[in-house]
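Now for the letters of each chain:
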Amino acid sequence: QVRLVESGGGLVQAGGSLRLSCVVSANNWMINTMAWHRQAPGKQRELVATITGGGTTVYADSVKGRFTISRDNAKSSVFLQMNSLKPEDTAVYYCRLIGARDYWGQGTQVTVSS
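What you are looking at is a predicted structure, and each value in this text was computed from that prediction instead of being measured. (Residues numbered from 1 in each chain as written. Predicted model: local features only at pLDDT ≥ 70, side-chain atom pairs only at ≥ 80, totals over all residues. Heavy atoms only, no water.)

Points about the state of the cysteines
Throughout the structure, instances matching the rule amount to one disulfide. A sulfur-sulfur separation of 2.2 Å characterises the disulfide bridge that pairs Cys22 with Cys95. When the S-S torsion is -80 degrees, as for the bridge of Cys22 with Cys95, the disulfide is left-handed. Linking Cys22 in strand β3 (residues 18-25) with Cys95 in strand β9 (residues 91-98), this pair joins segments that are 73 residues apart in sequence. With respect to class, Cys22 is no different from Cys95; both count as buried. (Disulfide = S-S within 2.5 Å. Helix = DSSP H or I, 4+ residues; strand = E, 2+ residues; numbered from the N terminus. Buried < 20%, exposed > 50% of the residue type's maximum accessible area, 1.4 Å probe, protein only.)

Written as structure tokens, this is what we have:
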């Protein structure tokens, strides 16, 4: 059974940093592309960043240069380092495993105050 559990969200002032973690319980997940998405109130869920099994990363334009996605296969984890946070980064952040079927975590709230 596949399970994704996010943590690391919280309240931070603009300009601050947070590091989100996603612990992955799935067979052979290391070959899968993993992603972080976010959903702000009243808005559609949007893609933030992806990382392939080989470590290739892609970022949304809105977070380029501020966020870094990484993975540690030995720790069965995917991370999202978020620096220079802005109020518009406020959202629930979700971890996603991309495969023949997609799996999602339950989300972790990030709130950035101005």
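Details of the pattern of salt bridges
Per the counting criterion, the structure on display carries five salt bridges. Glu46 is the salt-bridge partner of Arg38, the closest N and O atoms lying 2.6 Å from each other. On the basis of relative accessibility, which here comes to 6%, the residue Arg38 falls in the buried class. For Glu46, a relative accessible area of 34% translates into the label partly exposed. The salt bridge involving Arg96 is made with Asp102; its shortest N-O contact spans 2.6 Å. For Arg96, a relative accessible area of 18% gives the class buried. (Salt bridge = Lys/Arg side-chain N within 4 Å of Asp/Glu carboxyl O.)

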